Each structure stands twice: as C-alpha cells, then as structure tokens.
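A structural walkthrough
The residues making up each chain are set out below.
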Amino acid sequence: LKQTDNLSWIGLELQLFPIRPYGNLTDMTGVLLALLAATGWGINGVLARVGLRDLRPNTSTLLSVIASLVSLVIAAFLFQGELQPFSLTIMLWFAIIGLLNFPMGRYFSFLGIKYVGVARATTVQATSPLFSMIIAVLVTGERLTPSILIGTLLVVAGVVLVVSRRDEPSDS
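Definitions and cut-offs
- Residues numbered from 1 in each chain as written.
- Predicted model: local features only at pLDDT ≥ 70, side-chain atom pairs only at ≥ 80, totals over all residues.
- Heavy atoms only, no water.
- Helix = DSSP H or I, 4+ residues; strand = E, 2+ residues; numbered from the N terminus.
- Buried < 20%, exposed > 50% of the residue type's maximum accessible area, 1.4 Å probe, protein only.
- Contact = heavy atoms within 4.5 Å.
- Axes fitted to C-alpha atoms, helices over the stretch in contact; angles between N-to-C directions.
- Parallel < 35°, antiparallel > 145°, perpendicular 65-115°, else oblique.
- Left-handed = near helix turned anticlockwise from the far one by under 90°.
- Nonpolar A, V, L, I, M, F, W, Y, C, P; charged D, E, K, R; others polar.
- pLDDT = per-residue confidence, 0-100.
- Core = buried A, V, L, I, M, F, W, Y, C linked by side-chain atoms within 4.5 Å.
- Expected span 1.5 Å × (residues − 1).
- Arc of directions from axis to C-beta.

This next bit is on the overall build of the protein chain. From N to C terminus, the protein chain includes 6 helices and 4 strands. Helices (α) and strands (β) of the protein chain occur, in sequence order from the N terminus, as β-β-β-β-α-α-α-α-α-α. Burial statistics for the protein chain: of 172 residues in total, 14% are counted as buried. Put simply, 60% of the contacts in the protein chain that link residues at least 6 apart link residues at least 24 apart.

Okay, here's the thing in structure tokens:
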C-alpha cells in the first residue's frame, strides 16, 4: 500500500509527496538527504568565495581535495565494517566520478565563483539536473516522465533568468 500526503484544494486533490519504501529509507528521506547535501553545497560556495579572496582557484582546489581525501580516509577507517566488496567496473565508474567531481568540478566551480560571484556561479551550477536527466535517460535507461522534464526545464529557465540579468552587479 502506497502512503501519500494529499492536499484538497477547491475540489482538486494534489499528491504532494508520494512515499515509496526503498530499503530502510523512503523517498521523503531521500529528498531530505538531498536537501541536506544542497545546504552543504550552498555553504561551500560562500566559504569558497571567502577563501578565494586570498587564493587562486587552483590552490583552493588543491586544498579542498586534500581536505576531502583526509576526511574520506578517516570515514573509511571508522566505517570499514560497513564497506562492501565491489568490482573493477564499479571502481572505474566511481574513479571517473572522483575525477570529474573533485578536481575538475571544484576547480571550475571556484573559477566561476571568483569571476561572477557565489549567487550567479552556483545558480548556473543548478543546471546540473538537465545534464543528469539527459545522461540518466541515455546511460541508465531511466524513464523520462513529463513532470521530470517540465521541472527540469523550469529549473533551467530560472537559471537563464538569473544569469541574463545584467542590472545587478556581481560580488566579484
């Protein structure tokens, strides 16, 4: 039986958050975890902007990657009993993620923050759902639903609106 929170408004019933179990988690738990990650990335942008006042993006990226590596090694040591075996193929996929996300992604993110400010750079980074959607459909075979397509296009439209406005100076 699928649990849902519904809102009845002028005779229309809207399904707000369908909750589907996934292991020990639900979709809502996944959404809340994603919001927590987004909060961390938002804080990251502001802290990067402060650090980029005195450092170049390449130095900032190096320091950030080193701090991440140290944190990862500590976490792997603490949770070693919870790590599961993995294949070479899976290791290669995550190696690609590590290469794209950490050094390259952070470097380009820090460059963007340095040149156009936190608000504009992180807003442009919010187009990632567009790329995720396209790649997920092509690579993993995820089904593209109308709500995912429309929601993603609205996000991108919002980004275009923010970036195209020239009446507000960036904080760079």
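With that settled, the discussion passes to the packing of helix H3 (residues 88-116) against helix H4 (residues 118-125). Where H3 meets H4, the axes come as close as 7 Å, and the angle between the chain directions of the two elements is 140°. Classified by the angle their axes make, H3 and H4 are oblique. The two elements H3 and H4 meet at a crossing, and its hand is right-handed. Here Ser109, Gly112, Ile113 and Val116 of H3 lie close against H4, whose contacting residues are Val118, Arg120, Ala121 and Gln125.

A separate point is the packing of helix H5 (residues 128-140) against helix H6 (residues 146-164). The N-to-C vectors of H5 and H6 enclose an angle of 150°; their axes lie 8 Å apart at closest approach. On the basis of the axis angle, H5 is roughly antiparallel to H6. Both H5 and H6 take part in a crossing whose hand is left-handed. On H6, the residues touching Pro129, Leu130 and Met133 of H5 are Ile148, Leu149, Thr152 and Val156. When its residues are assigned to classes, the contact of H5 with H6 shows 6 nonpolar, 1 polar and no charged.

Our focus in this paragraph is the confidence of the model for the protein chain. Looking at the protein chain as a whole, the pLDDT averages 80, with 80% of positions reaching at least 70. Across the protein chain, H5 holds the top mean pLDDT of 90, while strand S1 (residues 3-9) sits lowest at 40. Within the model, the stretch residues 1-19 combines pLDDT values under 50 with 24 contacts to residues more than four positions away or in other chains.

This part takes up the nonpolar core. Counting 6 residues, the largest nonpolar core is built from Ala48, Leu52, Phe110, Ile113, Val118 and Ala121. Looking at this core, the elements that each hand over two or more residues are H3 and H4.

The subject of this paragraph is the environment of Leu69. Mapped onto the elements, Leu69 comes out in helix H2 (residues 57-78). We classify Leu69 as exposed; its relative accessible area is 51%. Along the sequence, Leu69 and Phe102 sit 33 residues apart, while their C-alpha atoms lie 9.8 Å from each other.

The next point concerns H2. With 22 residues, H2 ought to run about 32 Å at 1.5 Å a step, and its terminal C-alpha atoms sit 31 Å apart, in line with that. Here H2 has its buried residues at Pro57, Ser60, Thr61, Ser64 and Ser68. Within H2, the buried residues cover an arc of 95° as seen down the axis, which keeps them to one side. In H2, those exposed residues whose orientation departs by more than 90 degrees from the buried face are Leu62, Leu69 and Phe77. Looking at the buried residues of H2, the elements they touch are H3.

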